[in-house]
Amino acid sequence: MRILVTGGAGFLGSHLIDRLMIAGHDVICLDNFYTGNKQNVLQWMGNPKFELIRHDITEPIRLEVDQIYHLACPASPIHYQYNPVKTIKTNVLGTMNMLGLAKRVKARFFLASTSEVYGDPEVHPQPESYRGSVNTIGIRSCYDEGKRVAETLAFDYHRQNEVDIRVVRIFNTYGPRMLENDGRVVSNLIVQALKGIPLTIYGDGSQTRSFCYASDLIEGFIRLMNSDYVGPVNIGNPGEYTILQLAKTIQDMVNPNVALKFEPLPQDDPRRRKPDITLAKQLLNWEPTVPLQEGLSRTIADFRQRLGSEVVASAVLR
Ligand code: NAD
Ligand code: UDP
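Everything in this summary refers to the structure shown in the same document. The structure presented is a predicted model; accordingly, all values stated were derived computationally and were not measured.

The tally for this structure, following the rule as stated, stands at 1 cavity of 30 Å³ or more. Roughly 40 Å³ of volume is contained in the largest cavity. Secondary structure elements with two or more residues in the lining of the largest cavity: helix H3 (84–105), strand E5 (108–114) and helix H4 (141–161). Taken together, the residues of the lining of the largest cavity break down into 5 nonpolar, 3 polar and 1 charged.

Given below as structure tokens:
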């Protein structure tokens, strides 16, 4: 198949491309390199089955493809809040352009939605039937309301234009290739521990998240895309940890001498989050396989290598 991956040079998109290339597909990676980079797809450059296009999805594009995995959108609060109007445009205009493309070429369309559509949830854990508790005018709204509109667009194109859609709601995911300056909790804490600077905990650290390792998530993507179920389907790891527990785990694994530092909790920070994955288990026979400790140690090894080579590179430049 010829498969388009928007946001393919980013963290999750590049792991997905690895799986699709290994399976023998023709893959087009579309990215504006806002938070993604060529390094993530370097291993496929020069392969005749791989094409990299620098393009911003807020502008239309004409391509001929069989499937579209639509991931383009900054995912970390610091990146999506840097230019919130652009984030909304990416989610609304960008998703509309990609759905228009799917409609024209009759491609199956996969939307990477998010657990953020549940906002600061009053129902715990969150099943797909929960409609969410989202602030329409807060600093996270450009992202979570943007994704809610993206879901609406996908279902309207499905009902009105028979576009064949799949919608996944992704819960916090971590793994190799996260950016050093990504701003998300796992990457922040690992980078701080490796550099020996205090680990930043926002609030008192009692808020919870559930962390899924990237390879588990990508397996869920591929199963949903190739199933008959439209969605939405939660994909995430139901293991729930407080941020303080996560910080102490990373502290123990990397550097027991590093201090913990408490900072103010950002506005609208959800108090708890944990996926109900009953649907994914039943429909896709999917559940996560990589325990937190193991996923963290692989992620720590990747950061250790990248931070180490940066030190070498800057030494050479000087
Ligand atoms: P990422 O920031 O690493 O990747 C996003 C990619 O999209 C980047 O390569 C970026 O350059 C590209 N992009 C952004 N705006 C674009 C535009 N206008 N045109 C073209 N390309 C653009 O983030 P990620 O963690 O890989 O997330 C991928 C998708 O998964 C996003 O849609 C995100 O909302 C969703 N998601 C991720 C998580 C997570 O924990 N990682 C959780 C929920 C949802
Ligand atoms: N967080 C933290 N220290 C950091 C970065 C994040 O305590 O250095 C907290 C953040 O306030 C939130 C949780 O960790 O409660 C997860 O944050 P992240 O940005 O990774 O994901 P999201 O809030 O989008 O789920």
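Time to look at H4. What sets the pattern is the α-helix's 3.6 residues per turn: residues three or four places apart point alike. The end-to-end C-alpha distance of H4, which contains 21 residues, comes to 28 Å, matching closely the 30 Å that a straight helix rising 1.5 Å per residue would cover. One or two steps after H4, the chain reaches glutamate 162, where phi turns positive at roughly 55°.

Right, let's get into the site of ligand 1. Neighbouring residues of ligand 1: 29 residues in total, closest Asp31, Thr35, Leu71, Tyr143 and Arg184. The separation between a nitrogen atom of ligand 1 and a polar side-chain atom of aspartate 56 is 3.1 Å. Contact between ligand 1 and tyrosine 143: an oxygen atom at 2.6 Å from a side-chain N or O atom of the residue. Here ligand 1 has 820 Å² of accessible area as a free molecule, and 97% of this is covered by the chains. Within the residue set of the shell around ligand 1, elements represented by two or more residues are helix H1 (11–22), E5 and H4. Top element by residues in the shell around ligand 1 is E5. It accounts for 3 residues. In the shell around ligand 1, the residues fall into 14 nonpolar, 11 polar and 4 charged.

The subject of this paragraph is the site of ligand 2. The environment of ligand 2 is made up of 17 residues, and the closest members are Val185, Tyr202, Arg209, Asp269 and Arg273. For ligand 2, an oxygen atom lies 3.3 Å from a polar atom in the side chain of glutamate 116. One nitrogen or oxygen atom from the side chain of glutamine 207 is found 3.0 Å from an oxygen atom belonging to ligand 2. For ligand 2, whose accessible area on its own is 520 Å², the fraction buried by protein is 96%. Those elements giving two or more residues to the shell around ligand 2 turn out to be helix H5 (185–195) and strand E8 (199–202).

We now examine unusual backbone geometry. With an omega of -10°, the peptide bond between histidine 124 and proline 125 qualifies as cis. You can see proline 125 is positioned in the loop between E5 and H4. Across the junction of glycine 231 and proline 232, the peptide omega takes the value 0°, indicating a cis bond. Secondary-structure assignment places proline 232 in the loop between helix H6 (214–225) and strand E11 (233–235). Despite not being glycine, glutamate 162 has its phi angle at roughly 55°, a positive value. Take glutamate 162: it is sitting in the loop between H4 and strand E6 (165–170). Given a relative accessible area of 65%, glutamate 162 falls into the exposed group. Positive phi, normally seen in glycine, also occurs at arginine 177, with a value near 85°. With respect to the helices, strands and loops of the structure, arginine 177 is situated in the loop between strand E7 (173–174) and H5.

Conventions adopted
Residues numbered from 1 in each chain as written. Chains lettered and ligands numbered in written order. Predicted model: local features only at pLDDT ≥ 70, side-chain atom pairs only at ≥ 80, totals over all residues. Heavy atoms only, no water. 1 Å grid on protein atoms, 1.4 Å probe; cavity = no way out; pocket = protein on both sides within 12 Å on 5 of 7 lines; lining within 4 Å. Points joined across faces, edges and corners; volume = space filled by probe spheres on them. Helix = DSSP H or I, 4+ residues; strand = E, 2+ residues; numbered from the N terminus. Nonpolar A, V, L, I, M, F, W, Y, C, P; charged D, E, K, R; others polar. Expected span 1.5 Å × (residues − 1). Near = heavy atom within 4 Å. Polar contact = N/O pair within 3.5 Å; in protein donor to acceptor, adjacent residues only side chain to side chain. Areas by Shrake-Rupley, 256 points an atom, 1.4 Å probe, with all protein chains shown as cover. Buried < 20%, exposed > 50% of the residue type's maximum accessible area, 1.4 Å probe, protein only.

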